[in-house]
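Results of the structural survey
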Amino acid sequence: MLTCAFTHPLEQHTYEGVIRFLYYDMSDECLAQVLSYMVDKEIAMIKDDIARYYNADESQYLDVREQLISCGYDDWLNEND
């Protein structure tokens, strides 16, 4: 889903938005692991960023959400139901 929606490496705004939207459906460890493939940061730094951005104002990242939706975000969410 991420490689479909975004180029590597993620831009900062996109990175923050991905954290915001995936946080509640993934453990911190899994999210950090996935993001480590998309950015050039160590997992410990990514975990710090997760703590910083997980509850950011969603309205700032609606463009990121739209990109995720275009690559199956809603389907991915529904798989967990």
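Residues numbered from 1 in each chain as written. Predicted model: local features only at pLDDT ≥ 70, side-chain atom pairs only at ≥ 80, totals over all residues. Heavy atoms only, no water.

Looking now at the side chain of Glu16. Along the chain, Glu16 falls in helix 2 (residues 12-22). Put simply, Glu16 is tucked away with no salt bridge, and the nearest opposite charge, on Arg52, sits 7.5 Å away. Polar contacts involving the side chain of Glu16 include one to the side chain of Tyr61, which spans 2.6 Å. With residues near it in sequence (within four places) discarded, Glu16 still touches Tyr53 and Tyr61. (Helix = DSSP H or I, 4+ residues; strand = E, 2+ residues; numbered from the N terminus. Buried < 20%, exposed > 50% of the residue type's maximum accessible area, 1.4 Å probe, protein only. Lys, Arg positive; Asp, Glu negative; His and termini not counted. Salt bridge = Lys/Arg side-chain N within 4 Å of Asp/Glu carboxyl O. Polar contact = N/O pair within 3.5 Å; in protein donor to acceptor, adjacent residues only side chain to side chain. Contact = heavy atoms within 4.5 Å.)

To continue, consider the pattern of salt bridges. Side-chain pairs of opposite charge can arise where the charged atoms are in close proximity. Summed over the entire model, instances satisfying the criterion amount to four salt bridges. Put simply, Glu58 and Arg20 hold a salt bridge, and the shortest N to O gap is 3.1 Å. On the criterion of sequence distance, the pair formed by Glu58 in the loop between helix 4 (43-53) and helix 5 (62-70) and Arg20 in helix 2 is long-range, its members being 38 residues apart. For Arg52, the salt bridge identified is with Asp49, shortest N-O distance 2.7 Å. Here Asp49 and Arg52 lie together in helix 4, a separation of three residues that amounts to about one turn.

What follows concerns the nonpolar core. Counting 24 residues, the largest nonpolar core has Phe6, Leu10, Val18 and Leu35 as its most contacted members. Every element with two or more residues in this core is listed here: helix 1 (2-5), helix 2, helix 3 (28-36), helix 4 and helix 5. Those residues within four positions of Leu10 in sequence are excluded, and the remaining contacts are Tyr15, Val18, Leu35, Met38 and Val39. (Core = buried A, V, L, I, M, F, W, Y, C linked by side-chain atoms within 4.5 Å.)

Here we take up the packing of helix 2 against helix 5. Between helix 2 and helix 5, whose axes approach to 9 Å, the crossing angle comes to 70 degrees. Looking at the two axes, helix 2 sits roughly perpendicular to helix 5. Across the interface between the two elements, His13, Thr14, Gly17, Val18 and Phe21 of helix 2 pack against Asp63, Val64, Arg65 and Leu68 of helix 5. (Axes fitted to C-alpha atoms, helices over the stretch in contact; angles between N-to-C directions. Parallel < 35°, antiparallel > 145°, perpendicular 65-115°, else oblique.)

Next up on the list: the packing of aromatic side chains. What the rule picks out here adds up to five aromatic pairs. Between the aromatic rings of Phe21 and Tyr73, the centroid separation amounts to 6.5 Å while the plane-to-plane angle is 75 degrees, which identifies the pairing as edge-to-face. One end of the pair, Phe21, is in helix 2; the other, Tyr73, is in helix 6 (residues 73-79), with 52 residues separating them in the sequence. This pair shows no difference in class: Phe21 is buried, exactly as Tyr73 is. Ring centres of Tyr73 and Trp76 lie 6.3 Å apart, and the angle between their planes is 25 degrees; on these two criteria the pair is classed as stacked. Of this pair, Tyr73 and Trp76 are both found in helix 6, three residues apart, which corresponds to roughly one turn of the helix. An aromatic cluster of at least three residues, connected via ring pairs, comprises Phe21, Tyr73 and Trp76. In this arrangement the basic side chain of Arg20 is found over the ring face of Phe21, its NZ or CZ atom lying 5.7 Å from the centre. (Phe/Tyr/Trp six-rings, centres within 6.5 Å; stacked < 30°, edge-to-face > 60°. Lys NZ or Arg CZ within 6 Å of the ring centre and 35° of its normal.)

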